[in-house]
Structures are given as structure tokens and as C-alpha cells.
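Results of the structural survey
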Amino acid sequence: MLKLKYHTHLIECGTDEAGRGCLAGPVTAAAVMLPDSFINEILTDSKQLTEKKRDLLKPIIEQQAIAYSFSHVMMEEIDEINILNASITAMHRSIEGMIGTLSRKQKKPQHILVDGNRFKPFTGLDHTTVIKGDGKYLPIAAASIIAKTERDLFMDRIHEEYPMYNWKKNKGYPTKEHREAIRTYGITKYHRKSFKLLPEQYSLDFTFKDHK
């Protein structure tokens with residue numbers, strides 16, 4: 001089982017993002033505070049779990065967490081500030097949202113556990129970056145589950161609008177099928193225009209094509 005805390009004497013939360021390498025859709029982050037009594041033997045990095053297990057864990061985390069929140073940073077903002085800054089922005093907004101759900105009697109986190117090796121200080125809180133932290137610490141793993149499942153739900157919804165890209169299956173990642181659809185149909189309002197959507201980027205028509 002993963003570790004519950006990095007600093008045993010501090011109140012901690014974990015944060016993680018999903019969708020950083022996608023060609024379409026938002027980057028989504030979540031922040032989660034777990035109680036000291038939290039135990040779960042199957043919770044780990046969302047990428048190591050099946051969709052069925054992620055969907056099983058999501059309500060458990062939501063019900064047992066002290067607090068949690070998630071945030072989407074949309075394509076336009078990703079294109080404007082770049083994906084690294086967008087990922088960190090999503091984490092910051094999630095932490096802020098999570099803190100905002102706490103009651104006056106509940107104590108705020110004192111320390112943030114961050115998946116990865118890049119982060120910007122969040123006002124008033126210390127943080128520790130942990131490479132592959134979603135496979136080491138429960139609060140980060142819980143955040144990875146919330147971020148992944150919420151982003152998948154978003155991609156499932158926009159799949160109904162543009163089914164030819166099959167986002168319900170590929171979730172916006174650069175699969176061969178997704179890139180072939182871009183080559184055939186062009187791009188949509190959900191594609192990240194600052195990304196290399198096709199290997200032959202120089203010849204890609206960036207005119208928005210509405211295929212509803």
C-alpha cells in the first residue's frame with residue numbers, strides 16, 4: 001500500500017494532473033486531503049489502473065476525503081501560457097478550490113505533495129515535488145484518480161459533439177487514429193493549436209472546421 005504522508009506531523013494534501021500530453025481537450029488537475037484513518041490497498045497511480053477500477057475508486061475518494069476539488073484549464077489558456085504553466089495553474093486552482101470547501105472548524109493543509117518535478121509555490125504553503133508520486137503517496141494517487149476520471153468525463157461529452165475523432169476511446173491523446181482524423185477533418189475548437197498536431201505541421205490547415 002502507498003504511504004499516507006510525507007511529513008507525519010503536518011496536514012497534507014496531494015495534487016496531480018491528467019491530459020498533459022493530449023492534442024485536444026483541457027489539462028485537468030485535482031487536489032485531495034485524506035484523513036489519517038484512510039486505508040485503501042488498490043489505490044495507486046491512475047495510469048496503472050483499469051477504467052473499471054478508477055470508476056470504483058472515484059466515489060470512495062469523494063466520500064472519504066476531508067476535501068477535494070478539480071479544475072480544467074481549457075485549450076485557449078493552454079495555447080496562451082503553455083502546457084507546463086497550464087498544468088501548474090490547474091493544480092493551484094484545485095488546491096484553492098479544495099481549501100474553499102473546508103468549514104471553519106476544519107484545518108487547512110500545511111503542506112502540498114505534488115506529482116512530478118515542477119511546481120510554483122502556492123501562497124502560504126510549503127510543497128514537495130515527488131517524481132512518480134502518484135505511485136508512492138495516497139493523496140497524490142487520489143488526486144490522480146479524480147483528475148483522470150473528471151477529464152475522461154469531459155472528453156466523453158465532447159465526443160458526442162465530434163465523434164469522428166473518437167475521443168471517447170483515445171481521450172485526446174495522439175493516437176494514430178486521432179491524427180488520421182485531424183488529417184481528414186481538420187481541427188476543432190477543442191484542439192490545442194500550439195501543439196504539433198501532425199508530423200507535417202507546416203501543411204496542416206488551421207482553419208476551424210465545424211463538422212456538426
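What you see as residue numbers is a count from 1 along each chain, following the sequence as written. Predicted model: local features are reported for residues with pLDDT of at least 70 only, side-chain atom pairs are reported and counted for 80 or more only, and whole-chain, interface and lining totals are derived from all residues. For side-chain calculations, the full set of non-hydrogen atoms in the structure is used, while hydrogens and water are omitted.

Remarks on the overall build of the protein
Keep this limit in mind: Secondary structure elements are defined from DSSP: runs of H or I of at least 4 residues count as helices, runs of E of at least 2 residues count as strands, and each element is numbered from the N terminus. Within these notes, the globule rule equals 2.2 Å times the number of residues to the 0.38 power, and the radius of gyration is based on C-alpha atoms. We call two residues in contact when some of their heavy atoms are within 4.5 Å. Throughout, the Shrake-Rupley method with a 1.4 Å probe supplies accessible areas, and for residues the shown protein chains are the sole cover considered. The convention is simple: Lys and Arg are positive, Asp and Glu are negative, and His and the chain ends are not counted. Just so you know, the charge point we use is NZ for Lys, CZ for Arg, CG for Asp and CD for Glu.
Counting its secondary structure elements, the protein contains six helices and five strands. Expected size for 212 residues packed as a compact globule is a radius of gyration near 17 Å; at 18 Å, the protein falls within 12% of this value. For the protein, the C-alpha atoms occupy an extent of roughly 55 × 35 × 30 Å along the three principal directions. The contacts of the protein with a sequence gap of at least 6 include a subset with a gap of at least 24, amounting to 65%. Summed over all atoms, the accessible surface of the protein reaches about 10700 Å², with 51% contributed by carbon and sulfur. The positive charge centre, built from 32 side chains, and the negative charge centre, built from 27, are 2 Å apart in the protein.

A look at the pattern of salt bridges
Heads up, the condition is: By definition here, a salt bridge exists when the distance from a side-chain nitrogen of Lys or Arg to a carboxyl oxygen of Asp or Glu is within 4 Å. Between buried and exposed lies partly exposed: a residue is buried under 20% and exposed over 50% of the maximum accessible area for its type, with that area taken using a 1.4 Å probe on protein chains only.
Taken as a whole and assessed by the stated rule, the structure comprises 11 salt bridges. Two residues, R93 and E77, come together in a salt bridge whose shortest N-O distance is 2.8 Å. Taken together, the residues span a long stretch of sequence, with R93 in helix α3 (residues 83–100) and E77 in helix α2 (residues 75–81) at a distance of 16 residues. What makes R93 partly exposed here is its relative accessible area of 36%. For the salt bridge of K148 with D152, the shortest nitrogen-to-oxygen distance reads 3.2 Å. With K148 and D152 both in helix α4 (residues 138–161) and four residues apart, this pair spans about one turn of that helix. Exposure class is identical for K148 and D152. Each is buried.

Some thoughts on the packing of helix α1 (residues 51–64) against α4
Stated formally: Every axis in this analysis is a line fitted to C-alpha atoms, fitted for helices over the stretch in contact. Angles between the N-to-C directions lie between 0 and 180 degrees. Note: crossing handedness is left-handed where the near helix turns anticlockwise from the far helix by less than a right angle, and right-handed where it turns clockwise. Under the grouping applied here, Gly and all other residues not named as nonpolar or charged are polar, the nonpolar ones being Ala, Val, Leu, Ile, Met, Phe, Trp, Tyr, Cys and Pro and the charged ones Asp, Glu, Lys and Arg.
Viewed as axis vectors pointing N to C, α1 and α4 meet at an angle of 115°, and their least axial separation amounts to 9 Å. Pair α1 / α4 crosses with left-handed handedness. When α1 is examined against α4, the residues R54, D55, L57, K58, I61 and E62 are found in contact with a partner set consisting of A142, I145, I146, K148, T149, E150 and D152. Its residues assigned to classes, the contact of α1 with α4 comprises five nonpolar, one polar and seven charged.

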